[in-house]
Amino acid sequence: MAGNTLTTTTVSDLPDVILSNILSAVSDTRSRNSAALVSRKWLLLERSTRSSLTLRANLRDLLFLPTCFRHVTHLDLSLLSPWGHPLSTADPSYATTSHLLPHLLRRSFPSVTSLTVYSRSPLTLQLLSPIWPHLTQIKLIRWHQRPQLLPQGADFAPLFENCRTISSLDLSSFYCWNDDVPIALQSNPNLAANLTWLNLLNPSFAEGFKSDEIKLITSSCPNLSQFLVACKFDHRYIGFVNDETLGFFASDCPKLSVLHLVDTSALSNPREELNDESLTAEDARFGAASLIDMFSGLPLLEELVLDVCRNVRECRVALEELNSKCPRLKSLKLGQFHGLCRANEPNLDSRLDGIALCHGLEALSIKNSVDLTDLGLIAIARGCSRLVKFEVHGCRKITVRGMRTMVCLLRKSLVEVNISCCKNLGAVSSLKALDPIQDRIQRLHIDCVWDSVEQFEAREGVEYNFDLNKSEEEDGEMMMMINQQSLGFGLRDFFDGRGNDDEGVRKQKKCKYSYDLNSSLTEGDASDNGNGFCGRAWEKLRFLSLWIGVGELLSPLANSGLQNCPNLEEMRIKVEGDCREWSKPSERAFGLGHLSRYPKLKKMHLDCGDTIGFAHTAPSGQMDLSLWERFYLFGIQNLSLNELDYWPPQDRDVNQRSLSLPAAGLLAECSTLRKLFIHGTAHEHFMMFLLRIPNLRDVQLREDYYPAPENDMSTEMRADSCSRFEDALNRRTIPD
């Protein structure tokens, strides 16, 4: 009988080493938690391979800290509830917890080397830094105002005194004074010399770091390999960035591989309105010679961001030197740079120059370039043939022709595209331009500017089609033809067929699903759904980002060309504008309900934080923000979302961003939600509406905007209110 017994081999029979490697490769938290429930063996292996953990417990419940995650090296304490509440609070109800907190954390997480924490005052770091003296990475978060009576640099003193091995410091979400950072680094020269990663890209720095402060930082940190800093390029400000400042990076930090220099206005107002020529009133006070000197001193550079917000003219020669001086460069972002390459000028030969010579680039972002044209896009595509990500912002002279030709040339590599603030590229035009890579693109951003198909056709008025199914030989011939024709006779001549006697060159073979701009859908069995777009799916699109002006509708999105996205998992919608200029919207609902056509959409960021209006004082005939919230959230109950991040609109006059009654009621109808993060405040009785959501497990209120309200309002964001809601949430029986 024993010989007939069947034995089954399962995954659990694998050696522990192999099984540990398998579990280590799993990044999704829920999947790891499910794996830990299989057996005790799997539980122990999963816990031993867990290296990162985020705690969202209430401060008073820290006595129940788990003790099984002893191998965690990265710990995030910034989301403890009540959010933004000091760990070392004087509140009597938390006094015992605050006293025991260091001992509990040391026992539960002995291996921590990377820490993220909300540090509202230095007392938090005084409490935590002695626990983990071997920290190497630290990220500090604070959206509340800096305590006024603190001496300069006092925020960092406890950390720098107890943790001498810090190599990475992230202050991108930590509000402090500009003087605090240089003084703290100068006071601790050994620690400063050990830093290799420093992030100072903080939008709450109104004036950014001055030239002399940057000099103090770079001279104190000679071993930096990654440096990100907000500064001022406007010469009307004292300490603006100039030729001399650029020299600091090459002379003081020659090991830099990542350098971001971003003007503070780009952080606070990313969609600033420029004139028709995309020019600012002032020029930057540095030129090509200074840029070349900086590039020459940074041979290890791999990622460069220069978002200057001031005109940098005739930069072509400097960019050619960038290619030769920094051969490792993979990612480049340029803001307000003009004269990127000579291909923007008509009747020139087809030799590549300028930015088109940066052959190793894999990610390129061009912002507010006054003279970037379709010919320039084609030259970039020819020279930068490895591009995986391309972003274009505020370039008013490019059209769908150049963009479409560019993506045709890059269709084997390009998977992420961002098109914003371009005058000739609305939603319809942008999607039409991306048609050649419709089956490949994975991440996409467009502006919801509803240029109609009729407007698009009237503006373009020409026929051009590319065969996406050509063989390698034919593809090479196509590229050669584009190289010879487009730059030799100009883009318009190329598309119109002029400059070539062979009529067959103009009448190229059409793709099965191609679209003729002068007629209806060409041959093929796909239907156009009445909008001029064929029925091909965006098969690999996983992430979609949209910008839309206040009062505009989202409902035309699908008819603009995105009706079929079977694998779309995440959306980010940014609504921006002043509601006070509108008496009421044109329709009842914004159009979120139309997104139910995307079956796999599970995660959404709905950001109305830059939508400004009247909180409680709307004049007669005007809508207050509660009615605007109803407009934007109506229909969200039709979506099968698991996660939602929601930024309510705000009244800046009273610094209030609060969830309204209609918003709470509509969110309560999202029956599939598991995680809900509200980036603002809410009354306690409004929060109780959310208990109707059957599977809701994780809810949090965050005031993560500057300045966060210092004083809790009478019934908003109080510690007791949050605790009562969390108790009610945790008492429920959740099926999964």
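None of these values were measured; they are calculated from a predicted model. (Residues numbered from 1 in each chain as written. Predicted model: local features only at pLDDT ≥ 70, side-chain atom pairs only at ≥ 80, totals over all residues. Heavy atoms only, no water.)

K.L.:
Can you tell me about the state of the cysteines, naming the residues and giving the values?
P.N.:
According to the stated counting rule, one finds zero disulfides in the structure shown. Left without a disulfide partner, Cys358 is nearest to the cysteine sulfur of Cys384, which lies 6.0 Å away. (Disulfide = S-S within 2.5 Å.)

K.L.:
So what about the pairing of strand 17 (residues 603-612)? Which residues, and what values?
P.N.:
It is a general feature of regular strands that their side chains alternate between the two faces of the sheet. Of all 10 residues making up strand 17, eight are buried, and the element is well covered by its neighbours. Of the strand pairs in this sheet, strand 16 (residues 570-578) and strand 17 are connected by eight bridges, and their pairing is parallel. What sits directly across from Arg572, in strand 17, is His605. As for the winding sense of the linkage, the β-α-β connection from strand 17 through helix 21 (residues 625-633) to strand 18 (residues 643-647) is right-handed. (Buried < 20%, exposed > 50% of the residue type's maximum accessible area, 1.4 Å probe, protein only. Helix = DSSP H or I, 4+ residues; strand = E, 2+ residues; numbered from the N terminus. Pairing = 2+ DSSP bridges. Right-handed = clockwise from strand over helix to strand, strands pointing away.)

K.L.:
Residue-level account of the pattern of salt bridges, with values.
P.N.:
In this structure the tally under the stated criterion is 26 salt bridges. Here Arg142 ties to Asp155 by a salt bridge, and the two come within 2.8 Å at their closest N and O atoms. Here Arg142 is found in strand 4 (residues 137-142), whereas its partner Asp155 is found in the loop between strand 4 and helix 6 (157-162), with 13 residues between them in sequence. A single burial state applies to Arg142 and to Asp155, both of which are buried. (Salt bridge = Lys/Arg side-chain N within 4 Å of Asp/Glu carboxyl O.)

K.L.:
Let's hear about a nonpolar patch on the surface: which residues, and what values?
P.N.:
Together, Val11, Leu14, Val17, Ile18 and Ile22 give the surface a local cluster of nonpolar side chains, amounting to about 400 Å² of exposed area. Within the secondary structure, Val17 is located in helix 1 (residues 16-24). Residue Val17 is classed as exposed on the basis of its relative accessible area, which comes to 60%. (Patch = residues over 30% accessible without salt bridge, like charges linked within 9 Å, V, L, I, M, F, W, Y side chains within 5 Å. Areas by Shrake-Rupley, 256 points an atom, 1.4 Å probe, with all protein chains shown as cover.)

K.L.:
So what's going on with the packing of aromatic side chains? Residues and values would help.
P.N.:
Two descriptors summarise a pair of aromatic rings, namely the distance from one centre to the other and the angle between the planes of the rings. Per the counting criterion, the structure on display carries 13 aromatic pairs. When the ring of Phe205 is compared with that of Phe209, the centres are 5.2 Å apart and the planes differ by 85°; the resulting orientation is edge-to-face. On the accessibility criterion, Phe205 (2% relative accessible area) is buried. Centroid distance Phe631 to Tyr632: 4.8 Å. Interplanar angle 70°. Geometry classified as edge-to-face. Tyr632 carries the same exposure label as Phe631, and that label is buried. Taken together, the aromatic side chains of Phe590, Trp628, Phe631 and Tyr632 make up a single cluster linked through ring pairs. Note that Arg657 overlies the ring of Tyr705, its terminal NZ or CZ placed 4.4 Å from the centroid. One residue, Arg692, lies across the ring of Phe689, its end atom 5.0 Å from the ring centre. (Phe/Tyr/Trp six-rings, centres within 6.5 Å; stacked < 30°, edge-to-face > 60°. Lys NZ or Arg CZ within 6 Å of the ring centre and 35° of its normal.)

K.L.:
Let's hear about the side chain of Asn202: which residues, and what values?
P.N.:
For Asn202, the position within the fold is in the loop between strand 6 (197-200) and helix 9 (211-220). From its side chain, Asn202 meets the backbone oxygen of Leu171 in a polar contact 3.1 Å long. Not counting chain neighbours up to four residues away, the residues in contact with Asn202 comprise Leu171, Ser172, Ser173, Phe174, Tyr175, Ala230 and Leu267. (Polar contact = N/O pair within 3.5 Å; in protein donor to acceptor, adjacent residues only side chain to side chain. Contact = heavy atoms within 4.5 Å.)

K.L.:
Describe helix 10 (residues 243-252), listing the residues and the values that go with them.
P.N.:
What helix 10 keeps buried is the set Thr245, Leu246, Phe248, Phe249, Ala250 and Asp252. Against the buried residues of helix 10 lie helix 9, strand 7 (226-231), strand 8 (258-263) and helix 12 (288-296). For helix 10, the N-terminal cap is Asn242; the gap from its side-chain oxygen to the backbone nitrogen of Glu244 is 3.2 Å.

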